[in-house]
Amino acid sequence: QVQLVESGGGLVQAGGFLRLSCAASGGSFSYYAMGWFRQAPGKEREFVAAISRSGSNTKYVDSVNGRFTISRDNANTVNLQMNSLKPEDTAVYYCASKWAYTDEAFSGRLEYNHWGQGTQVTVSS
């Protein structure tokens, strides 16, 4: 059973940066595509960024493209570097994993099988 634990959230001023990390355990990390999603109060959980099994392919929602960068390393960790943060980025951020047969980055929430507990990101204006 894959377990995902997020860290790195916090309070930051607009224009600042944060780096989220997701530590995965209990599975063969190299076979999993990974994604980050977020959920603001009163809103549905939305896709933010995804990375393929090898790390060669990435995908971003338009609102974060050019500001956020997703990456993964050999230590079973996927990171989300968030720069130029805006108040509208405020949300709980979730890490998710999906067993993948192909080297694709997946943006569909329902495609992911395992989820972390989330980490709060608050951006003040």
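Rules of the game
- Per chain, the residues get numbers from 1 upward, laid out in the order the sequence is written.
- Reporting of local features is limited, given that this is a predicted model, to residues whose pLDDT is at least 70; pairs of side-chain atoms are given and counted only at 80 or more, and all residues count toward the totals for whole chains, interfaces and linings.
- Hydrogens and water are ignored here; the side-chain numbers use all heavy atoms of the structure.
- In this text, helices come from DSSP runs of H or I with a minimum length of four residues, and strands from runs of E with a minimum of two, each type numbered from the N-terminal end.
- The buried label applies to any residue whose accessible area, calculated with a 1.4 Å probe on protein chains only, is under 20% of its type's maximum; exposed applies above 50%, and partly exposed to all values in between.
- Whether two residues are in contact is decided by their heavy atoms: any pair within 4.5 Å suffices.
- Per-residue and other accessible areas follow the Shrake-Rupley method at a 1.4 Å probe size, with only the shown protein chains counted as cover for residues.
- Positive charges are assigned to Lys and Arg, negative charges to Asp and Glu, while His and the chain termini are left out of the count.
- A single reference atom marks each charge: NZ on Lys, CZ on Arg, CG on Asp, CD on Glu.
- Salt bridges, as used here, are contacts in which a Lys or Arg side-chain nitrogen is within 4 Å of a carboxyl oxygen on Asp or Glu.
- A patch is a set of surface residues, each over 30% in relative accessible area and not in a salt bridge, joined within 9 Å for like charges and within 5 Å for the nonpolar side chains Val, Leu, Ile, Met, Phe, Trp and Tyr.
- By definition, two strands form a pair when at least two bridges between them are found by DSSP.
- Only the stretch in contact is used when fitting a helix axis, every axis being a line fitted to C-alpha atoms; angles between N-to-C directions are given from 0 to 180 degrees.
- Pairing of N or O atoms within 3.5 Å defines a polar contact, subject to two protein rules: one partner must be a possible hydrogen donor and the other a possible acceptor, and residues neighboring in sequence count only if both atoms are side-chain atoms.

**A closer look at the overall build of the protein chain**
Secondary structure summary: the protein chain contains zero helices and 11 strands in total. Ordering the α and β elements of the protein chain from the N terminus gives β-β-β-β-β-β-β-β-β-β-β. Among the 125 residues that make up the protein chain, the fraction classed as buried is 44%. For the protein chain, the proportion of contacts with a sequence separation of at least 24, taken over those separated by at least 6, is 61%. With an accessible surface of roughly 6400 Å², the protein chain has 46% of that area assigned to carbon and sulfur atoms. Here the protein chain contributes 11 positive and 10 negative side-chain charges, whose respective centroids are spaced 1 Å apart.

**Structural notes on the pattern of salt bridges**
Evaluation of the coordinates by the stated rule reveals three salt bridges. Measuring nitrogen to oxygen at the nearest pair gives 2.6 Å for the salt bridge that ties Arg38 to Glu46. Between Arg38 and Asp89 there is a salt bridge; the shortest N-O distance is 2.9 Å. Of this pair, Arg38 sits in strand E4 (residues 32-39) while Asp89 is found in the loop between strand E8 (77-82) and strand E9 (91-99), placing the two residues 51 residues apart along the sequence.

**Thoughts on a nonpolar patch on the surface**
There is a patch of nonpolar side chains on the surface, built from Tyr31, Trp99 and Tyr101 and spanning about 390 Å² of accessible area. Tracing the backbone shows Trp99 in strand E9.

**Topic: the sheet that holds strand E3 (residues 18-25)**
Reading across from one edge, E1-E3-E8-E7 is the order of the four strands in this open sheet, with antiparallel pairing throughout. Two strands bound the open sheet, and with one partner strand each, they are strand E1 (3-7) and strand E7 (68-73). Sheet twist, expressed as the average angle between the axes of neighbouring strands with direction ignored, equals 15 degrees.

**What about the environment of Phe29?**
Turning to its location among the elements, Phe29 is positioned in the loop between E3 and E4. Along the primary structure Phe29 and Ala75 are separated by 46 residues, whereas in three dimensions their C-alpha atoms are 8.8 Å apart. Setting aside chain neighbours within four positions, we find Phe29 in contact with Ala24, Met34, Arg72, Asp73, Asn76, Thr77 and Val78.

**Digging into unusual backbone geometry**
Positive phi values are uncommon outside glycine, yet Ser84 reaches one of about 50 degrees. Position of Ser84 relative to the elements: it lies in the loop between E8 and E9. Since its relative accessible area comes to 41%, Ser84 is described here as partly exposed.

**Side note on the pairing of E3**
Bridge analysis of E1 against E3 gives five bridges, and the strand direction is antiparallel. Opposite Leu4, over in E3, you have Ala24 as the bridge partner. Alignment of E3 against E8, held across six bridges, turns out to be antiparallel. Across the sheet, the residue bridging to Leu18 is Met82, located in E8.

**Description of the side chain of Gln81**
Of note, Gln81 is situated in strand E8. Gln81 sits in the buried class, given a relative accessible area of 18%. Among the polar contacts made by the side chain of Gln81, one reaches the side chain of Arg19 at a distance of 3.2 Å. What Gln81 contacts, discounting residues up to four positions off in sequence, is Phe17, Leu18, Arg19, Arg67, Phe68 and Thr69.

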